[in-house]
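Understanding the architecture of this molecule
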Amino acid sequence: MSADLVVENLTVEYTSADYVVKPVDHFGCRVVDGSLALLLGPSGSGKTTLLSCLAGILQPTAGSIRHDGREITALEGAELAAYRRRGVGIVFQAFNLVPSLDARDNVMLPLRVAKFSLREARRRADELLNEVDLTDRRGHLPSELSGGQQQRVAIARALALDPPLLLADEPTAHLDYVQVETTLRILRRLTRPGRVLVVVTHDDRLLPLADQVVELVPHRPLEPDGPVDVRLKPAEVLFRQGDASDLIYIVDEGEVEIFRETVSGGLEILDRRGPDQCFGEMGPLFGLPRSASVRARSSTRLTGYSVSEFREALGLERLDGLVRAGAVADGRRINLRSVGGAARGVNGRDVVSGRPEADEHTGA
Ligand SMILES: Nc1ncnc2c1ncn2[C@@H]1O[C@H](COP(=O)(O)OP(=O)(O)OP(=O)(O)O)[C@@H](O)[C@H]1O
Ligand SMILES: [Mg+2]
């Protein structure tokens, strides 16, 4: 029986207003028993959503999570409750300590729920607090502890029943660098055979800590060199809502439509762009995933620019105007004749499980 954690094709879909958001989209990874995996992604990339699935708190829309001989997504009722209690420990982003209980009582809580005697629970709690270097603080309330110390109480509590899977959500989010150092050392110390550690974070200071790093949103190429010439056949999709954003596009010939897929499976056409009009500026400018999809209405030729190329070609004011005006939804035509359009082949577009922005702009 493998004690590796194996995630396959995991997808989580949320319905927001009347469109679908997939913060986790066909995600997969294998974390080898006894190792620490770092899932690295920016805010909104689905880290907490993913952890919630691993913790058995959230039922994914599709896919599978196997650990310790169990298919987690198939657990129900008493089995699921047992998994949540004993199969997995969670260190929450906000620690979630009980404010009226001191450190030791907080760690004792899951032990008491699991019917440990008072004495045995106290002994185990002290052992765990010692493991996270907090013996001298065990009688303090959370409000009397620093962020780093609260964090360590939360780690000790998550370990109380010695779960084979330990999850930590942004363990360094509220810590200064001195506290970060202690947390890193403790997390590293916690890896051992029979236990898998999964840490999700946007903090790349944690990279050296990991045995394995999984990026939730692949790094996009920093700056493509030179404008990209793209040709689309009728109905061909240029990018989809949720894709990583790289380029700002200008239509040279033909027409595209900007659309969203609705919950009912239909399509909502948000806008169209014809010759000399541009689209797709918000994603690359602000590092957001695409907020809508784009496809060709006819045979279409486009030029794609990186942000800096676009800025160079049109000037900062123009770019700023685009953003303020809600892209070119006003139909303003832009004279691009002065822009050099050296072709560089069709760009590669990474499909990622990013979060589409839930605002109303249609610049995609
Ligand atoms: N219950 C929900 N209903 C609808 N949409 C949700 C829900 N939970 C999360 N989302 C969507 O999924 C996206 C990803 O959320 P998630 O909290 O997993 O990201 P994250 O990577 O943990 O972000 P952060 O770094 O800010 O904690 C959210 O931005 C939101 O759009
Ligand atoms: Mg989160």
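One structure accompanies this document, and this report is about it. As a convention, each chain's residues are numbered from 1 in the sequence order in which they are written. Following the order in which they are written, the chains are lettered starting with A and the ligands numbered starting with 1. Where local features are concerned, this predicted model is filtered to residues with pLDDT of at least 70; where side-chain atom pairs are given and counted, the filter is 80 or more; whole-chain, interface and lining totals use all residues.

Here we come to the overall build of the chain. Under the DSSP-based scheme used, a helix requires at least four consecutive residues in state H or I and a strand at least two consecutive residues in state E, with every element numbered from the N terminus. Helices and strands together make up the secondary structure of the chain, namely nine helices and 17 strands. Once local pairs closer than 6 in sequence are excluded, the contacts in the chain between residues at least 24 apart make up 76%. We call two residues in contact when the distance between their C-beta atoms, placed using the backbone, is within 7 Å.

The packing of two helices is summarised by the inter-axis angle and the distance between the axes. In this analysis an axis means a line fitted to C-alpha atoms, helices contributing only their contacting stretch, and an angle means the value between N-to-C directions, from 0 to 180 degrees. Packing of helix H3 (residues 103-113) against helix H4 (residues 118-131) leaves a shortest axis separation of 9 Å and a crossing angle of 125°. By the angle between their directions, the pair H3 and H4 is classed as oblique. The hand of the H3/H4 crossing is right-handed. In this structure, H3 uses Ala103, Arg104, Val107, Met108, Leu111 and Arg112 to contact H4, whose residues at the interface are Ala121, Arg122, Arg124, Ala125, Asp126, Leu128 and Leu129. Classification used: nonpolar for Ala, Val, Leu, Ile, Met, Phe, Trp, Tyr, Cys and Pro, charged for Asp, Glu, Lys and Arg, polar for all others including Gly. Considering only residue class, the contact of H3 with H4 consists of eight nonpolar, no polar and five charged. For classification purposes, angles smaller than 35 degrees are called roughly parallel, those larger than 145 roughly antiparallel, those between 65 and 115 roughly perpendicular, and all remaining angles oblique. Put simply, a crossing is left-handed when the front helix is turned counterclockwise from the back one by less than a right angle, and right-handed when it is turned clockwise.

What makes two strands pair is DSSP finding at least two bridges between them. An order of S10-S17-S12-S15 is seen for the four strands of this open sheet, with the pairing classed as antiparallel. The sheet is open, and its two borders are formed by strand S10 (228-232) and strand S15 (278-279), each paired with just one other strand. The pairing of strand S12 (residues 248-253) with strand S17 (residues 300-305) spans five bridges and is classified as antiparallel. Bridging across to S17, Glu253 finds its partner in Arg301.

Moving on to unusual backbone geometry. Although it is not a glycine, His26 adopts a positive phi angle of roughly 55°. By C-beta crowding, His26 is classed as partly exposed, having 14 other C-beta atoms within 10 Å. Not every positive phi belongs to a glycine, and Asn96 is a case in point at roughly 55°. Mapped onto the secondary structure, Asn96 falls in the loop between strand S6 (88-91) and H3. Burial is judged by counting other C-beta atoms within 10 Å of a residue's own C-beta: 20 or more means buried, 12 or fewer means exposed, and anything between counts as partly exposed, with every C-beta placed from the backbone.

A few words on the site of ligand 1. Whether a residue is near a molecule or strand depends on its C-beta atom, generated from backbone atoms, being within 6 Å of that molecule or strand. As a matter of local geometry, ligand 1 sits amid 14 residues, with Tyr14, Pro23, Lys47, Thr48 and Thr49 nearest to it. Within the residue set of the shell around ligand 1, elements represented by two or more residues are strand S1 (5-16), strand S2 (19-31) and helix H1 (47-54). Looking at the shell around ligand 1 element by element, the count peaks at three residues for H1. Class assignment of the residues belonging to the shell around ligand 1 gives a composition of three nonpolar, nine polar and two charged.

This part is about the packing of H3 against helix H5 (residues 147-158). At a closest axis distance of 8 Å, the pairing of H3 and H5 adopts a crossing angle of 25°. Classed by the angle they form, the pair H3 and H5 counts as roughly parallel. In this structure, H3 meets H5 at a crossing whose hand is right-handed. Counting all contacts with H3, which are made through Ala103, Asn106, Val107, Leu109 and Pro110, the residues of H5 involved are Val153, Ala156 and Arg157.

Right, let's talk about the nonpolar core for a bit. Put simply, a nonpolar core is a cluster of buried Ala, Val, Leu, Ile, Met, Phe, Trp, Tyr and Cys residues tied together by C-beta atoms within 7 Å. Leu54, Val107, Leu167, Val198 and Val199 are the most contacted members of the largest nonpolar core, which has 57 residues in total. When neighbours within four sequence positions are excluded, Val198 is seen to be in contact with Val31, Ala37, Leu39, Leu54 and Leu167. Within the second largest apolar cluster, 23 residues are counted, among which are Tyr249, Val251, Cys278 and Phe310.

As a further point, take the sheet that holds strand S11 (residues 237-239). In space, the four strands of this open sheet follow the order S11-S16-S13-S14, with antiparallel pairing throughout. Two strands bound the open sheet, and with one partner strand each, they are S11 and strand S14 (267-273). Taken over all neighbouring pairs, the strand axes of this sheet differ in orientation by 30° on average, direction set aside. In terms of strand pairing, strand S13 (residues 256-261) meets strand S16 (residues 293-296) through four bridges, oriented antiparallel. Counterpart to Phe259 in the pairing with S16 is Ser293.

This part takes up the environment of Cys29. Of note, Cys29 is situated in strand S2. Judged by local crowding, Cys29 falls into the partly exposed class, with 16 C-beta atoms found within 10 Å. For the pair formed by Cys29 and Val213, sequence separation is 184 residues and the distance between their alpha carbons is 9.9 Å.

Taking burial as the measure, the six residues of S17 include five buried ones, the bulk of the element. As paired elements, S10 and S17 share five bridges and run antiparallel to each other. Note that in S17 the partner of Leu232 across the bridge is Thr300.

To estimate the expected span of a helix, subtract one from its residue number and multiply by 1.5 Å. Across its 14 residues, H4 extends 20 Å between first and last C-alpha, which sits within 8% of the 20 Å expected from 1.5 Å per residue. Its buried side turned inward, H4 meets H3 and H5. The first or second residue beyond H4 is Asp133, which carries a positive phi of 60°.

The residue Leu167 is located in strand S7 (residues 165-169) in this model. Dropping the residues within four chain positions of it, Leu167 is found in contact with Leu51, Leu54, Ala55, Val88, Ile90, Val91 and Val198.

So yeah, pure geometry; function would need other evidence.
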